[in-house]
Amino acid sequence: MGAPNELSRVAAAGGHLHAAQETMSRDELAAVQLQRLRATLANAHAHVPWQRARLDAAGLEPQALRSLDDIRALPFTTKADLRDQYPFGLFARPVQGLARIHASSGTTGKPTVVGYTAGDLERWAELMARSLYCAGARPGDIVHNAYGYGLFTGGLGAHDGATRLGCAVVPASGGGSERQVALIMDFHPRVLCATPSYALALAEVADSQGIDLRRSGLAIGLFGGEPWSAAMRAEIDARLGLHATDVYGLSEIMGPGVACECEQRDGLHGWEDHFLFEVIDPETGEPAAEGAAGELVITTLTKEALPMLRYRTRDITRVARERCACGRSHLRILRVAGRSDDMMIIRGVNVYPSQVEAVLVGRPGIAPHYQLVLTRHGHLDRLRIEVEAEPGVPEGRFGELAADVIHHIKSLIGVTAEVAVLAPGAVPRSQGKAVRVRDLRPKGA
Ligand code: DLL
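The structure displayed is predicted, hence computed values, not measured ones.

Colleague: Help me out: how do you make sense of the sheet that holds strand S10 (residues 275-280) in this one?
Modeller: Sheets are built from strands paired through backbone hydrogen bonds, the pairs being either parallel or antiparallel. With respect to topology, 4 strands assemble into an open sheet ordered S10-S11-S12-S15, the strand pairing being antiparallel. Edge positions in the sheet fall to S10 and strand S15 (338-339), since each has one partner strand and no second. Sheet analysis places strand S11 (residues 294-300) next to strand S12 (residues 311-317), joined by 4 bridges and oriented antiparallel. Looking across to S12, one finds that isoleucine 298 is bridged to tyrosine 311.

Shown next, in the form of C-alpha coordinates:
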(Lines give C-alpha, C1' and ligand atoms only; values in the text may rest on other atoms or scores of the structure.)
Protein backbone atom coordinates (compact mmCIF):
# COMPACT_ATOMS: atom_id res chain seq x y z
CA MET A 1 0.00 0.00 0.00
CA GLY A 2 1.64 3.20 -1.16
CA ALA A 3 -0.61 5.76 0.50
CA PRO A 4 1.87 7.47 2.88
CA ASN A 5 4.43 7.91 0.09
CA GLU A 6 1.82 9.30 -2.22
CA LEU A 7 0.72 11.76 0.43
CA SER A 8 4.20 13.16 0.90
CA ARG A 9 4.59 13.36 -2.87
CA VAL A 10 1.45 15.47 -3.12
CA ALA A 11 2.48 17.69 -0.21
CA ALA A 12 5.92 18.20 -1.71
CA ALA A 13 4.50 19.09 -5.11
CA GLY A 14 3.15 22.53 -4.10
CA GLY A 15 3.24 25.29 -6.68
CA HIS A 16 0.48 27.06 -8.57
CA LEU A 17 -0.66 26.78 -12.18
CA HIS A 18 -1.51 30.49 -12.43
CA ALA A 19 0.90 31.80 -9.80
CA ALA A 20 0.38 35.52 -10.52
CA GLN A 21 -3.40 35.25 -10.23
CA GLU A 22 -3.54 32.76 -7.37
CA THR A 23 -1.16 34.59 -5.03
CA MET A 24 -1.95 38.26 -5.73
CA SER A 25 -2.59 40.44 -2.68
CA ARG A 26 -6.15 40.91 -1.51
CA ASP A 27 -5.98 44.57 -2.57
CA GLU A 28 -4.93 43.59 -6.07
CA LEU A 29 -7.70 41.00 -6.17
CA ALA A 30 -10.28 43.57 -5.10
CA ALA A 31 -9.13 45.92 -7.86
CA VAL A 32 -9.41 43.16 -10.48
CA GLN A 33 -12.84 42.26 -9.15
CA LEU A 34 -14.15 45.82 -9.28
CA GLN A 35 -13.01 46.33 -12.85
CA ARG A 36 -14.50 42.99 -13.94
CA LEU A 37 -17.71 43.59 -12.02
CA ARG A 38 -18.23 46.84 -13.95
CA ALA A 39 -17.71 44.98 -17.23
CA THR A 40 -20.09 42.21 -16.15
CA LEU A 41 -22.82 44.67 -15.17
CA ALA A 42 -22.31 46.51 -18.46
CA ASN A 43 -22.65 43.23 -20.37
CA ALA A 44 -25.84 42.32 -18.49
CA HIS A 45 -27.25 45.82 -18.92
CA ALA A 46 -26.55 45.96 -22.64
CA HIS A 47 -27.74 42.49 -23.59
CA VAL A 48 -30.26 41.12 -21.07
CA PRO A 49 -33.50 43.16 -20.83
CA TRP A 50 -34.48 41.45 -17.56
CA GLN A 51 -31.15 42.43 -15.98
CA ARG A 52 -31.30 45.94 -17.42
CA ALA A 53 -34.67 46.53 -15.75
CA ARG A 54 -33.29 45.35 -12.40
CA LEU A 55 -30.09 47.36 -12.68
CA ASP A 56 -32.00 50.50 -13.63
CA ALA A 57 -34.50 49.97 -10.80
CA ALA A 58 -31.59 49.64 -8.36
CA GLY A 59 -29.98 52.78 -9.77
CA LEU A 60 -26.80 50.88 -10.58
CA GLU A 61 -24.88 52.54 -13.39
CA PRO A 62 -22.22 49.91 -14.32
CA GLN A 63 -19.35 52.28 -15.05
CA ALA A 64 -20.12 54.43 -12.02
CA LEU A 65 -19.74 51.50 -9.59
CA ARG A 66 -17.30 52.68 -6.91
CA SER A 67 -16.97 49.69 -4.59
CA LEU A 68 -17.71 45.99 -4.60
CA ASP A 69 -20.24 46.57 -1.84
CA ASP A 70 -22.35 48.71 -4.21
CA ILE A 71 -23.63 45.47 -5.70
CA ARG A 72 -25.70 44.96 -2.56
CA ALA A 73 -28.23 47.38 -4.02
CA LEU A 74 -29.10 44.69 -6.56
CA PRO A 75 -31.71 42.02 -5.77
CA PHE A 76 -30.59 38.35 -5.75
CA THR A 77 -31.01 36.02 -8.71
CA THR A 78 -32.59 32.64 -7.93
CA LYS A 79 -33.14 29.34 -9.66
CA ALA A 80 -36.78 30.37 -10.10
CA ASP A 81 -35.62 33.37 -12.19
CA LEU A 82 -33.73 31.00 -14.49
CA ARG A 83 -36.81 28.82 -14.83
CA ASP A 84 -39.06 31.81 -15.50
CA GLN A 85 -36.73 32.95 -18.27
CA TYR A 86 -36.55 29.42 -19.75
CA PRO A 87 -34.76 28.60 -21.91
CA PHE A 88 -32.53 31.49 -23.03
CA GLY A 89 -34.01 34.64 -21.43
CA LEU A 90 -30.98 35.39 -19.25
CA PHE A 91 -28.42 34.85 -22.01
CA ALA A 92 -26.36 37.89 -22.98
CA ARG A 93 -25.46 36.43 -26.37
CA PRO A 94 -27.65 35.13 -29.18
CA VAL A 95 -27.77 31.32 -29.14
CA GLN A 96 -26.21 31.37 -32.61
CA GLY A 97 -23.03 32.74 -31.03
CA LEU A 98 -22.75 30.05 -28.35
CA ALA A 99 -20.37 27.12 -28.24
CA ARG A 100 -22.22 24.90 -25.78
CA ILE A 101 -25.44 24.55 -23.79
CA HIS A 102 -25.80 22.47 -20.59
CA ALA A 103 -28.91 21.83 -18.53
CA SER A 104 -29.71 20.37 -15.16
CA SER A 105 -32.89 18.38 -14.76
CA GLY A 106 -33.75 19.47 -11.22
CA THR A 107 -36.52 17.82 -9.28
CA THR A 108 -39.46 19.95 -10.32
CA GLY A 109 -40.60 21.47 -13.58
CA LYS A 110 -38.40 22.89 -16.27
CA PRO A 111 -34.66 22.26 -16.41
CA THR A 112 -32.17 25.02 -15.72
CA VAL A 113 -30.40 25.94 -18.95
CA VAL A 114 -26.93 27.47 -19.10
CA GLY A 115 -24.92 28.64 -22.12
CA TYR A 116 -21.24 29.27 -22.89
CA THR A 117 -19.39 31.20 -25.56
CA ALA A 118 -16.12 29.76 -26.85
CA GLY A 119 -14.38 32.23 -24.54
CA ASP A 120 -16.45 31.00 -21.56
CA LEU A 121 -15.38 27.42 -22.33
CA GLU A 122 -11.74 28.56 -22.48
CA ARG A 123 -11.94 30.19 -19.06
CA TRP A 124 -13.80 27.19 -17.60
CA ALA A 125 -11.09 24.85 -18.88
CA GLU A 126 -8.42 27.13 -17.37
CA LEU A 127 -10.16 27.25 -14.01
CA MET A 128 -10.73 23.51 -13.92
CA ALA A 129 -7.06 22.99 -14.90
CA ARG A 130 -6.11 25.37 -12.06
CA SER A 131 -8.32 23.35 -9.70
CA LEU A 132 -6.80 20.03 -10.77
CA TYR A 133 -3.30 21.43 -10.30
CA CYS A 134 -4.28 22.92 -6.95
CA ALA A 135 -5.40 19.45 -5.81
CA GLY A 136 -2.09 17.93 -6.94
CA ALA A 137 -2.65 16.79 -10.54
CA ARG A 138 0.22 17.49 -12.95
CA PRO A 139 0.71 17.56 -16.73
CA GLY A 140 1.38 14.05 -17.95
CA ASP A 141 -0.97 12.42 -15.44
CA ILE A 142 -3.64 10.01 -16.55
CA VAL A 143 -7.02 11.26 -15.30
CA HIS A 144 -9.81 8.72 -14.96
CA ASN A 145 -12.95 10.83 -15.28
CA ALA A 146 -16.00 9.09 -13.82
CA TYR A 147 -18.22 12.18 -13.70
CA GLY A 148 -21.25 11.70 -15.93
CA TYR A 149 -20.84 13.04 -19.46
CA GLY A 150 -23.83 14.75 -20.99
CA LEU A 151 -25.99 17.64 -19.91
CA PHE A 152 -24.43 17.45 -16.41
CA THR A 153 -21.42 19.79 -16.28
CA GLY A 154 -19.24 17.35 -14.31
CA GLY A 155 -18.05 15.12 -17.16
CA LEU A 156 -17.18 17.67 -19.83
CA GLY A 157 -16.02 20.23 -17.28
CA ALA A 158 -13.43 17.93 -15.71
CA HIS A 159 -12.54 16.58 -19.16
CA ASP A 160 -11.72 19.96 -20.66
CA GLY A 161 -9.78 21.03 -17.56
CA ALA A 162 -7.65 17.89 -17.54
CA THR A 163 -6.99 18.23 -21.26
CA ARG A 164 -5.99 21.85 -20.75
CA LEU A 165 -3.59 20.85 -18.00
CA GLY A 166 -1.89 18.42 -20.37
CA CYS A 167 -3.26 15.18 -18.94
CA ALA A 168 -4.48 12.10 -20.75
CA VAL A 169 -8.18 11.75 -19.95
CA VAL A 170 -9.99 8.43 -19.72
CA PRO A 171 -13.61 9.55 -20.37
CA ALA A 172 -15.21 6.77 -18.31
CA SER A 173 -18.42 8.63 -17.32
CA GLY A 174 -20.64 7.08 -14.63
CA GLY A 175 -21.72 3.43 -14.49
CA GLY A 176 -20.26 0.14 -15.68
CA SER A 177 -18.33 -0.02 -12.41
CA GLU A 178 -16.68 -3.42 -12.95
CA ARG A 179 -15.18 -2.26 -16.21
CA GLN A 180 -14.07 1.00 -14.62
CA VAL A 181 -12.25 -0.90 -11.87
CA ALA A 182 -10.51 -3.04 -14.49
CA LEU A 183 -9.45 0.04 -16.47
CA ILE A 184 -8.11 1.71 -13.35
CA MET A 185 -6.03 -1.37 -12.49
CA ASP A 186 -4.72 -1.66 -16.08
CA PHE A 187 -4.09 2.01 -16.97
CA HIS A 188 -2.76 3.19 -13.57
CA PRO A 189 -4.31 6.66 -13.61
CA ARG A 190 -2.83 9.00 -11.01
CA VAL A 191 -6.03 11.06 -10.70
CA LEU A 192 -9.65 10.01 -10.21
CA CYS A 193 -12.56 12.41 -10.78
CA ALA A 194 -15.98 11.30 -9.48
CA THR A 195 -18.72 12.16 -7.06
CA PRO A 196 -17.60 10.97 -3.62
CA SER A 197 -20.48 8.50 -3.46
CA TYR A 198 -19.46 6.99 -6.79
CA ALA A 199 -15.81 6.76 -5.72
CA LEU A 200 -16.99 4.70 -2.79
CA ALA A 201 -19.21 2.58 -5.04
CA LEU A 202 -16.12 1.82 -7.17
CA ALA A 203 -14.19 0.79 -4.04
CA GLU A 204 -17.00 -1.52 -3.07
CA VAL A 205 -17.16 -3.18 -6.49
CA ALA A 206 -13.38 -3.66 -6.38
CA ASP A 207 -13.64 -5.24 -2.92
CA SER A 208 -16.32 -7.63 -4.07
CA GLN A 209 -13.98 -8.78 -6.85
CA GLY A 210 -11.04 -9.17 -4.49
CA ILE A 211 -9.26 -6.21 -6.15
CA ASP A 212 -7.34 -3.74 -3.99
CA LEU A 213 -7.69 -0.27 -5.53
CA ARG A 214 -4.92 0.95 -3.23
CA ARG A 215 -2.52 -0.90 -5.52
CA SER A 216 -3.75 0.91 -8.64
CA GLY A 217 -1.40 3.87 -8.34
CA LEU A 218 -4.19 6.40 -7.78
CA ALA A 219 -2.74 9.31 -5.81
CA ILE A 220 -5.33 12.06 -5.97
CA GLY A 221 -9.11 12.25 -6.12
CA LEU A 222 -11.13 15.31 -7.14
CA PHE A 223 -14.50 14.67 -5.65
CA GLY A 224 -17.53 16.93 -5.65
CA GLY A 225 -20.98 17.56 -7.06
CA GLU A 226 -22.63 16.60 -3.75
CA PRO A 227 -22.04 17.19 -0.03
CA TRP A 228 -19.74 14.77 1.76
CA SER A 229 -18.48 14.62 5.31
CA ALA A 230 -14.96 14.48 6.76
CA ALA A 231 -15.76 10.93 7.84
CA MET A 232 -16.54 10.02 4.23
CA ARG A 233 -13.24 11.56 3.15
CA ALA A 234 -11.33 9.42 5.66
CA GLU A 235 -13.16 6.32 4.41
CA ILE A 236 -12.38 7.12 0.75
CA ASP A 237 -8.72 7.95 1.50
CA ALA A 238 -8.32 4.61 3.25
CA ARG A 239 -10.17 2.44 0.74
CA LEU A 240 -8.73 3.93 -2.44
CA GLY A 241 -5.30 4.79 -1.04
CA LEU A 242 -5.42 8.33 -2.40
CA HIS A 243 -5.60 11.93 -1.24
CA ALA A 244 -9.29 12.87 -1.62
CA THR A 245 -9.80 16.57 -2.35
CA ASP A 246 -13.03 18.51 -2.53
CA VAL A 247 -14.05 20.39 -5.68
CA TYR A 248 -17.12 22.62 -5.86
CA GLY A 249 -19.16 24.24 -8.53
CA LEU A 250 -22.61 24.65 -9.98
CA SER A 251 -23.89 24.85 -13.51
CA GLU A 252 -25.60 28.21 -13.06
CA ILE A 253 -22.22 29.77 -12.29
CA MET A 254 -20.01 27.63 -14.55
CA GLY A 255 -19.77 23.97 -13.51
CA PRO A 256 -17.02 22.17 -11.56
CA GLY A 257 -13.96 24.30 -10.75
CA VAL A 258 -15.54 27.33 -9.06
CA ALA A 259 -13.56 26.33 -5.95
CA CYS A 260 -11.14 23.54 -5.06
CA GLU A 261 -9.05 22.37 -2.13
CA CYS A 262 -5.27 22.50 -2.17
CA GLU A 263 -3.02 19.93 -0.51
CA GLN A 264 -3.81 21.51 2.89
CA ARG A 265 -7.40 20.29 2.58
CA ASP A 266 -8.53 23.14 4.79
CA GLY A 267 -11.31 24.71 2.75
CA LEU A 268 -11.80 25.19 -0.97
CA HIS A 269 -10.10 28.12 -2.70
CA GLY A 270 -12.83 30.07 -4.46
CA TRP A 271 -11.32 31.62 -7.60
CA GLU A 272 -11.92 35.27 -6.84
CA ASP A 273 -10.44 36.66 -10.02
CA HIS A 274 -13.47 35.12 -11.78
CA PHE A 275 -16.17 35.13 -9.09
CA LEU A 276 -17.35 37.45 -6.34
CA PHE A 277 -18.44 35.51 -3.25
CA GLU A 278 -20.81 36.73 -0.55
CA VAL A 279 -22.19 34.87 2.46
CA ILE A 280 -25.65 36.00 3.53
CA ASP A 281 -28.10 35.23 6.27
CA PRO A 282 -30.66 33.19 4.29
CA GLU A 283 -33.53 34.61 6.34
CA THR A 284 -32.76 38.31 6.01
CA GLY A 285 -30.55 38.45 2.91
CA GLU A 286 -28.10 40.62 4.87
CA PRO A 287 -24.37 39.79 4.94
CA ALA A 288 -23.54 37.12 7.52
CA ALA A 289 -21.04 38.16 10.20
CA GLU A 290 -17.40 37.63 9.11
CA GLY A 291 -16.63 33.91 9.37
CA ALA A 292 -20.22 32.96 10.29
CA ALA A 293 -22.19 30.30 8.42
CA GLY A 294 -24.71 31.37 5.82
CA GLU A 295 -25.80 30.94 2.23
CA LEU A 296 -23.20 31.35 -0.47
CA VAL A 297 -24.09 33.97 -3.10
CA ILE A 298 -21.97 34.18 -6.24
CA THR A 299 -21.59 36.82 -8.97
CA THR A 300 -19.67 35.86 -12.11
CA LEU A 301 -16.96 38.31 -13.20
CA THR A 302 -15.86 36.95 -16.58
CA LYS A 303 -18.84 35.09 -18.04
CA GLU A 304 -19.97 36.38 -21.43
CA ALA A 305 -22.99 34.27 -22.33
CA LEU A 306 -24.61 34.05 -18.92
CA PRO A 307 -23.52 36.76 -16.51
CA MET A 308 -24.98 35.86 -13.10
CA LEU A 309 -25.56 38.64 -10.61
CA ARG A 310 -25.82 37.69 -6.93
CA TYR A 311 -26.95 34.11 -7.53
CA ARG A 312 -28.33 32.41 -4.42
CA THR A 313 -26.72 28.98 -4.41
CA ARG A 314 -28.73 27.61 -1.43
CA ASP A 315 -25.43 26.10 -0.26
CA ILE A 316 -24.67 26.65 3.40
CA THR A 317 -21.05 27.33 4.28
CA ARG A 318 -18.53 29.72 5.89
CA VAL A 319 -15.57 31.44 4.29
CA ALA A 320 -12.07 32.21 5.61
CA ARG A 321 -10.04 35.02 4.07
CA GLU A 322 -6.60 34.56 5.69
CA ARG A 323 -3.84 33.51 3.31
CA CYS A 324 -3.52 29.73 3.20
CA ALA A 325 -0.28 27.88 3.99
CA CYS A 326 -0.15 26.94 0.28
CA GLY A 327 0.47 30.62 -0.56
CA ARG A 328 -2.84 31.23 -2.30
CA SER A 329 -4.60 34.44 -1.33
CA HIS A 330 -8.04 33.43 -2.63
CA LEU A 331 -10.63 32.89 0.10
CA ARG A 332 -11.46 29.43 1.33
CA ILE A 333 -15.01 28.11 1.28
CA LEU A 334 -15.28 25.68 4.15
CA ARG A 335 -16.81 22.30 3.39
CA VAL A 336 -20.35 22.82 2.10
CA ALA A 337 -22.47 21.18 4.79
CA GLY A 338 -25.51 20.91 2.57
CA ARG A 339 -28.16 22.86 0.76
CA SER A 340 -30.76 24.84 2.64
CA ASP A 341 -33.31 22.83 0.59
CA ASP A 342 -31.99 19.61 2.15
CA MET A 343 -32.23 20.80 5.72
CA MET A 344 -34.65 18.66 7.72
CA ILE A 345 -36.40 19.90 10.82
CA ILE A 346 -36.95 16.98 13.15
CA ARG A 347 -38.86 17.98 16.27
CA GLY A 348 -37.44 21.47 16.06
CA VAL A 349 -33.84 20.43 15.45
CA ASN A 350 -32.23 21.44 12.14
CA VAL A 351 -30.41 18.48 10.59
CA TYR A 352 -28.44 18.14 7.36
CA PRO A 353 -27.94 14.72 5.75
CA SER A 354 -24.16 15.22 5.97
CA GLN A 355 -24.39 15.42 9.77
CA VAL A 356 -26.07 12.02 9.84
CA GLU A 357 -23.41 10.76 7.41
CA ALA A 358 -20.67 11.90 9.78
CA VAL A 359 -22.16 9.74 12.51
CA LEU A 360 -22.71 6.67 10.31
CA VAL A 361 -19.49 6.49 8.34
CA GLY A 362 -16.73 4.67 10.18
CA ARG A 363 -19.05 3.26 12.85
CA PRO A 364 -18.07 -0.36 13.59
CA GLY A 365 -20.21 -2.93 11.78
CA ILE A 366 -21.90 -0.25 9.63
CA ALA A 367 -21.19 0.23 5.90
CA PRO A 368 -21.02 3.79 4.46
CA HIS A 369 -24.24 3.50 2.42
CA TYR A 370 -27.39 5.13 3.68
CA GLN A 371 -30.66 6.86 2.86
CA LEU A 372 -32.81 9.09 5.02
CA VAL A 373 -36.57 8.65 4.82
CA LEU A 374 -38.79 11.51 5.93
CA THR A 375 -42.42 10.88 6.88
CA ARG A 376 -45.06 12.96 8.61
CA HIS A 377 -47.18 11.78 11.51
CA GLY A 378 -49.78 14.37 12.49
CA HIS A 379 -47.83 17.61 12.63
CA LEU A 380 -44.46 16.01 13.33
CA ASP A 381 -41.79 14.99 10.86
CA ARG A 382 -40.09 11.69 11.51
CA LEU A 383 -36.67 10.55 10.35
CA ARG A 384 -35.90 6.97 9.50
CA ILE A 385 -32.28 6.13 8.74
CA GLU A 386 -31.73 3.16 6.46
CA VAL A 387 -28.17 1.96 6.65
CA GLU A 388 -26.34 -1.24 5.78
CA ALA A 389 -24.39 -3.65 7.89
CA GLU A 390 -20.84 -4.35 6.76
CA PRO A 391 -20.48 -7.56 4.76
CA GLY A 392 -19.97 -10.51 7.10
CA VAL A 393 -21.86 -9.10 10.07
CA PRO A 394 -24.41 -11.75 11.17
CA GLU A 395 -28.06 -10.69 10.95
CA GLY A 396 -28.46 -11.45 14.63
CA ARG A 397 -26.38 -8.36 15.39
CA PHE A 398 -28.42 -5.89 13.31
CA GLY A 399 -30.64 -4.89 16.27
CA GLU A 400 -27.66 -4.10 18.44
CA LEU A 401 -26.06 -2.05 15.63
CA ALA A 402 -29.30 -0.10 15.17
CA ALA A 403 -29.41 0.70 18.89
CA ASP A 404 -25.82 1.96 18.73
CA VAL A 405 -26.66 4.27 15.78
CA ILE A 406 -29.82 5.58 17.50
CA HIS A 407 -27.78 6.37 20.59
CA HIS A 408 -25.06 8.24 18.69
CA ILE A 409 -27.50 10.18 16.48
CA LYS A 410 -29.28 11.31 19.64
CA SER A 411 -26.16 12.27 21.53
CA LEU A 412 -24.24 13.89 18.63
CA ILE A 413 -27.04 15.59 16.67
CA GLY A 414 -29.76 15.75 19.28
CA VAL A 415 -32.57 14.11 17.32
CA THR A 416 -34.44 10.90 17.83
CA ALA A 417 -34.42 8.79 14.70
CA GLU A 418 -35.71 5.38 13.79
CA VAL A 419 -32.89 3.22 12.41
CA ALA A 420 -33.13 0.19 10.14
CA VAL A 421 -29.95 -1.80 9.62
CA LEU A 422 -30.27 -3.61 6.30
CA ALA A 423 -28.33 -6.39 4.60
CA PRO A 424 -25.31 -5.41 2.46
CA GLY A 425 -26.37 -4.09 -0.97
CA ALA A 426 -29.89 -3.08 0.13
CA VAL A 427 -29.33 0.69 -0.22
CA PRO A 428 -29.32 1.86 -3.87
CA ARG A 429 -25.83 2.78 -5.16
CA SER A 430 -25.20 5.99 -7.06
CA GLN A 431 -23.58 6.40 -10.45
CA GLY A 432 -23.45 10.14 -10.00
CA LYS A 433 -25.02 12.21 -7.29
CA ALA A 434 -26.32 9.97 -4.51
CA VAL A 435 -29.96 10.25 -3.49
CA ARG A 436 -29.62 10.68 0.26
CA VAL A 437 -33.17 11.72 1.18
CA ARG A 438 -36.49 10.09 0.31
CA ASP A 439 -39.15 12.56 1.28
CA LEU A 440 -42.45 10.72 1.74
CA ARG A 441 -44.20 13.62 3.46
CA PRO A 442 -47.51 14.66 1.87
CA LYS A 443 -46.90 17.40 -0.71
CA GLY A 444 -48.20 20.86 0.08
CA ALA A 445 -49.04 19.92 3.69
O1 DLL B 1 -22.60 19.50 -9.43
C2 DLL B 1 -21.01 20.79 -10.70
C3 DLL B 1 -19.92 19.91 -10.20
C4 DLL B 1 -19.63 18.74 -10.85
C5 DLL B 1 -19.17 20.29 -9.10
C6 DLL B 1 -18.61 17.93 -10.41
C7 DLL B 1 -18.13 19.49 -8.66
C8 DLL B 1 -17.84 18.33 -9.30
P9 DLL B 1 -24.91 21.12 -10.43
O10 DLL B 1 -25.38 19.84 -10.97
O11 DLL B 1 -25.49 22.38 -10.96
O12 DLL B 1 -23.37 21.28 -10.68
O13 DLL B 1 -25.09 21.07 -8.86
C14 DLL B 1 -24.61 22.10 -8.05
O15 DLL B 1 -24.19 20.59 -6.20
O16 DLL B 1 -25.11 23.97 -5.58
C17 DLL B 1 -24.14 22.07 -4.39
O18 DLL B 1 -25.37 21.98 -3.74
C19 DLL B 1 -23.72 20.70 -4.87
N20 DLL B 1 -22.26 20.57 -4.84
C21 DLL B 1 -21.40 20.65 -5.87
N22 DLL B 1 -20.13 20.44 -5.43
C23 DLL B 1 -20.21 20.25 -4.08
C24 DLL B 1 -19.26 20.00 -3.05
C25 DLL B 1 -22.39 20.43 -10.20
N26 DLL B 1 -17.96 19.87 -3.29
C27 DLL B 1 -24.86 21.80 -6.60
N28 DLL B 1 -19.73 19.88 -1.77
C29 DLL B 1 -24.28 22.85 -5.69
C30 DLL B 1 -21.04 20.00 -1.49
C31 DLL B 1 -21.57 20.35 -3.70
N32 DLL B 1 -21.97 20.22 -2.42
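Next comes the rest of the description.
Colleague: What should I look at first to understand the packing of aromatic side chains in this one?
Modeller: Given two aromatic rings, their pairing is described by the distance between the two centres and the angle made by the two planes. Applying the stated criterion across every chain yields a total of 4 aromatic pairs. Residues phenylalanine 223 and tryptophan 228 carry aromatic rings whose centres are separated by 5.9 Å and whose planes lie at 80° to one another, so their mutual orientation is edge-to-face. The two residues phenylalanine 223 and tryptophan 228 agree in class, both being buried. Above the plane of the ring of tyrosine 133 lies arginine 138, whose end atom (NZ or CZ) is 3.6 Å from the centre. The aromatic ring of tryptophan 228 is capped on one face by arginine 335, whose charged end is 5.4 Å from the ring centroid.

Colleague: Hey, could you run me through the pairing of strand S5 (residues 191-194) in this one?
Modeller: Each regular strand carries side chains that alternate between the two faces of the sheet. Residues Val191 and Cys193 line one face of S5 and the alternating positions Leu192 and Ala194 line the opposite face, and both faces are buried. With 3 bridges joining them, strand S3 (residues 142-145) and S5 adopt parallel strand pairing. What sits directly across from valine 143, in S5, is valine 191. Read from S5 through helix H9 (residues 196-208) to strand S6 (residues 220-224), the crossover connection turns out right-handed.

Colleague: Can you walk me through the sheet that holds strand S7 (residues 243-250) in this structure?
Modeller: With mixed pairing, 9 strands are arranged side by side in an open sheet as S4-S3-S5-S6-S7-S8-S9-S14-S13. The open sheet terminates on both sides in strands that have one partner only, identified here as strand S4 (168-170) and strand S13 (319-320). Relative to S7, S6 runs parallel, the two sharing 5 bridges. If you follow glycine 221 over to S7, its bridge partner there is alanine 244. The strands touched by helix H6 (residues 118-135) are S5, S6, S7, strand S8 (255-261) and strand S9 (268-270); relative to S8, the strand with the most contacts, the crossing angle is about 30°.

Colleague: Explain the environment of methionine 128 to me, please; I cannot follow it from the model alone.
Modeller: By the element assignment, methionine 128 lies in helix H6. For the pair methionine 128 and methionine 343, spaced 215 residues apart in sequence, the C-alpha separation works out to 29 Å.

Colleague: How do you make sense of the pairing of S3 when you look at a structure like this?
Modeller: Judged from the 3 bridges that link them, S3 and S4 form a sheet pairing that is parallel. Each residue of the ladder has a partner; that of isoleucine 142, found in S4, is alanine 168. For the segment spanning S3, helix H7 (residues 153-165) and S4, crossover handedness is right-handed.

Analysis parameters
- Residues numbered from 1 in each chain as written.
- Predicted model: local features only at pLDDT ≥ 70, side-chain atom pairs only at ≥ 80, totals over all residues.
- Heavy atoms only, no water.
- Pairing = 2+ DSSP bridges.
- Helix = DSSP H or I, 4+ residues; strand = E, 2+ residues; numbered from the N terminus.
- Phe/Tyr/Trp six-rings, centres within 6.5 Å; stacked < 30°, edge-to-face > 60°.
- Buried < 20%, exposed > 50% of the residue type's maximum accessible area, 1.4 Å probe, protein only.
- Lys NZ or Arg CZ within 6 Å of the ring centre and 35° of its normal.
- Right-handed = clockwise from strand over helix to strand, strands pointing away.
- Contact = heavy atoms within 4.5 Å.
- Axes fitted to C-alpha atoms, helices over the stretch in contact; angles between N-to-C directions.

In short, geometric facts, not functional conclusions.
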